[in-house]
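Spelled out, the chains give:
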Amino acid sequence: MAKYLVTGGAGFIGSHLCDALIARGDEVRVLDNLSTGRRENLASEVEFILGDVTDEDAVQKASIDIDGCFHLAAIASVAQSTEDWVGTHEVNLTGAIRVLDAARATKFPVVYASSAAVYGDNASMPLCESDRASPLTPYGADKLGCELHARVASVLHNIPTTGMRFFNVYGPRQDPRSPYSGVISIFTDRLSRCLNIPIFGDGQQSRDFIFVGDVVRFLIAAMDRADTRAAIYNVCSGQSTNLRQLAQTLATVSGVTPQIEYLPARQGDIRASLGDPARAAKILNVRAEVSLGEGLSQTVSHHVTTTLDTSKAAE
Ligand SMILES: NC(=O)c1ccc[n+]([C@@H]2O[C@H](COP(=O)([O-])OP(=O)(O)OC[C@H]3O[C@@H](n4cnc5c(N)ncnc54)[C@H](O)[C@@H]3O)[C@@H](O)[C@H]2O)c1
């Protein structure tokens, strides 16, 4: 049994990670400012600290007596990073450095969320970790900054660090109300309310979707093997799905035929993003196992249940 700090643990991915750690008997402490996360996402066994990753005291206190930290807290909105460049930078990069700094004393391992956004306009298919990073947004640049500082933490201070480049993560608890939310949670929500599905452009743009339960397995495998080589891994399925196919699969699992509304293409939208999962498979012995149909089915039934619960509570 170990004790882990999960920053951003009340959020979408973090809360699933907390559930998995508790299920395997670990102790979990969460540091979260609840800017997008929700207290209700967390099981009662979790020790919760309301605080900010940019706050040195809060991070130092949250780091006492831990065996490792999963650093997931971030402003996960690419759009917000372009609007509030400095503000998101303070959370997304300075916050990460705060966590690495807190690890200097006891050298606890840090597994942190990076992003496929570090590849930016690199059009290689599929993208390997050794491919050139070429971020196009402050969000992507800060995630790349996290990787560079994590490397420095490992080289200079012997802190084990591992960077996880998440591709498009989806699953239960992803908030569809956020305008920046993943396309799957938005499609699921609109379909359940019999609203049309907006697709920008021709719908041929493709993404590498990975189910949140698979992401959790990647994170735990990375923590179990973290060392000072400061490794970076793609966290992806290696499967390409375009938005038309996505809408079709969602229709099949939910039994609702969607009305698709094609809107003008958005400027700056990346045409295709596909990761190569080979490195994580080889070194961490972990790969995505949940098919898109199965993952969507779980996402839809969770959405239906929570929507029903919310409308009952409102009666
Ligand atoms: N969801 C994806 O597809 C995806 C893709 C690439 C990378 N990521 C990264 O994965 C991580 C988790 O993302 P998510 O999708 O679960 O998003 P999320 O918004 O649900 O989770 C982020 C959590 O961090 C918390 N947080 C934000 N700012 C904070 C601060 N200053 N101090 C303390 N807590 C703070 C939020 O309240 C929330 O609970 C993030 O680092 C994100 O950048 C996510």
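Since the structure is predicted, the reported quantities are computational estimates derived from the model, not experimental observations.

(A) Layout of the sheet that holds strand β5 (residues 110-115). The parallel open sheet is built from seven strands, whose spatial order is β3-β2-β1-β4-β5-β6-β11. A single partner strand is all that each edge strand has here, and the edge strands are β3 (47-50) and β11 (231-235). Taking each pair of neighbouring strands and ignoring which way they run, the sheet shows an average axis angle of 20°. Each of β1 (3-7), β2 (27-32), β4 (68-71) and β6 (161-166) is contacted by helix α1 (residues 12-23), which is oriented at about 170° to β1, the strand it contacts most. The strands that helix α5 (residues 138-157) touches are β5, β6 and β11; relative to β5, the one it contacts most, it runs at about 155°.

(B) Broad picture of the site of the ligand. With respect to spatial proximity, 28 residues lie near the ligand, and among them Phe12, Asp32, Thr36, Leu72 and Tyr139 are the closest. The backbone of Ser35 places a nitrogen or oxygen atom 3.1 Å from an oxygen atom of the ligand. Asp52 is positioned with one of its side-chain polar atoms (N or O) 2.9 Å from a nitrogen atom of the ligand. Contact with the protein chains hides 91% of the accessible area of the ligand, taken as 820 Å² for the molecule alone. Sorting the residues of the shell around the ligand by element identifies α1, β5, α5 and β7 (168-170) as the ones contributing at least two each. With three residues, β5 is the single largest residue contributor to the shell around the ligand. Taken together, the residues that form the shell around the ligand break down as 15 nonpolar, 10 polar and three charged.

(C) Structural view of the packing of aromatic side chains. Taken as a whole and judged by the stated rule, the model has four aromatic pairs. Measuring from centroid to centroid gives 6.4 Å for Tyr170 and Phe209, while their planes differ by 85°, and the two rings are edge-to-face. Of this pair, Tyr170 sits in strand β7 while Phe209 sits in strand β10 (residues 209-211), placing them 39 residues apart in sequence. Summarising the aromatic geometry, the rings of Tyr170 and Phe211 are spaced 5.6 Å apart at their centres and angled 65° between planes, so their arrangement reads as edge-to-face. Taken together, the residues Tyr170 in strand β7 and Phe211 in strand β10 connect sequence positions 41 residues apart. The pair formed by Tyr170 and Phe211 is uniform in burial state, with each residue classed as buried. Taken together through their ring pairs, the aromatic side chains of Tyr170, Phe209 and Phe211 make up a single cluster. Arg165 extends its terminal NZ or CZ atom over the ring of Tyr119, reaching a point 4.8 Å from the ring centre.

(D) Representation of the nonpolar core. Ranked by size, the top nonpolar core spans 52 residues in total, and within it Val6, Ile13, Leu17, Phe70, Met164, Phe166 and Leu219 carry the most contacts. Each of domain 1 (3-169 + 209-235) and domain 2 (176-207 + 239-273 + 291-314) contributes no fewer than three residues to this core. Setting aside its immediate chain neighbours within four residues, Leu17 contacts Val6, Phe70, Leu72, Val216, Leu219 and Ile220. Leu31, Ala58, Leu93 and Ala103 belong to the second largest nonpolar core, which has 25 residues in total.

(E) Just the domain arrangement of the protein, in detail. For the protein, the assigned domains read domain 1 (3-169 + 209-235) and domain 2 (176-207 + 239-273 + 291-314). One C-alpha centre belongs to domain 1, the other to domain 2; they are set 26 Å apart. Each side of the interface is counted separately: domain 1 has 11 residues, and domain 2 has 15 residues. Note on domain 1 versus domain 2: buried area summed over both sides is about 1100 Å², and carbon and sulfur give 68% of it. When the buried area of domain 1 at its contact with domain 2 is split by residue, Met125, Phe209 and Phe211 rank highest and sum to 55% of it. Summed over the shared surface of domain 1 and domain 2, the number is zero salt bridges. Summed over the shared surface of domain 1 and domain 2, the result is zero residue pairs in polar contact (both at pLDDT 80 or more). Taken together, the elements giving at least two residues each to the side of domain 1 that touches domain 2 come down to α3 (78-83) and β10. The element contributing the most residues to the side of domain 1 that touches domain 2 is α3, with three residues. By residue class, the composition of the side of domain 1 that touches domain 2 is five nonpolar, four polar and two charged.

Definitions and limits used
- Residues numbered from 1 in each chain as written.
- Predicted model: local features only at pLDDT ≥ 70, side-chain atom pairs only at ≥ 80, totals over all residues.
- Heavy atoms only, no water.
- Pairing = 2+ DSSP bridges.
- Helix = DSSP H or I, 4+ residues; strand = E, 2+ residues; numbered from the N terminus.
- Axes fitted to C-alpha atoms, helices over the stretch in contact; angles between N-to-C directions.
- Contact = heavy atoms within 4.5 Å.
- Near = heavy atom within 4 Å.
- Polar contact = N/O pair within 3.5 Å; in protein donor to acceptor, adjacent residues only side chain to side chain.
- Areas by Shrake-Rupley, 256 points an atom, 1.4 Å probe, with all protein chains shown as cover.
- Nonpolar A, V, L, I, M, F, W, Y, C, P; charged D, E, K, R; others polar.
- Phe/Tyr/Trp six-rings, centres within 6.5 Å; stacked < 30°, edge-to-face > 60°.
- Buried < 20%, exposed > 50% of the residue type's maximum accessible area, 1.4 Å probe, protein only.
- Lys NZ or Arg CZ within 6 Å of the ring centre and 35° of its normal.
- Core = buried A, V, L, I, M, F, W, Y, C linked by side-chain atoms within 4.5 Å.
- Domains from an automatic or database assignment.
- Buried area = accessible area lost by both parts, 1.4 Å probe.
- Salt bridge = Lys/Arg side-chain N within 4 Å of Asp/Glu carboxyl O.

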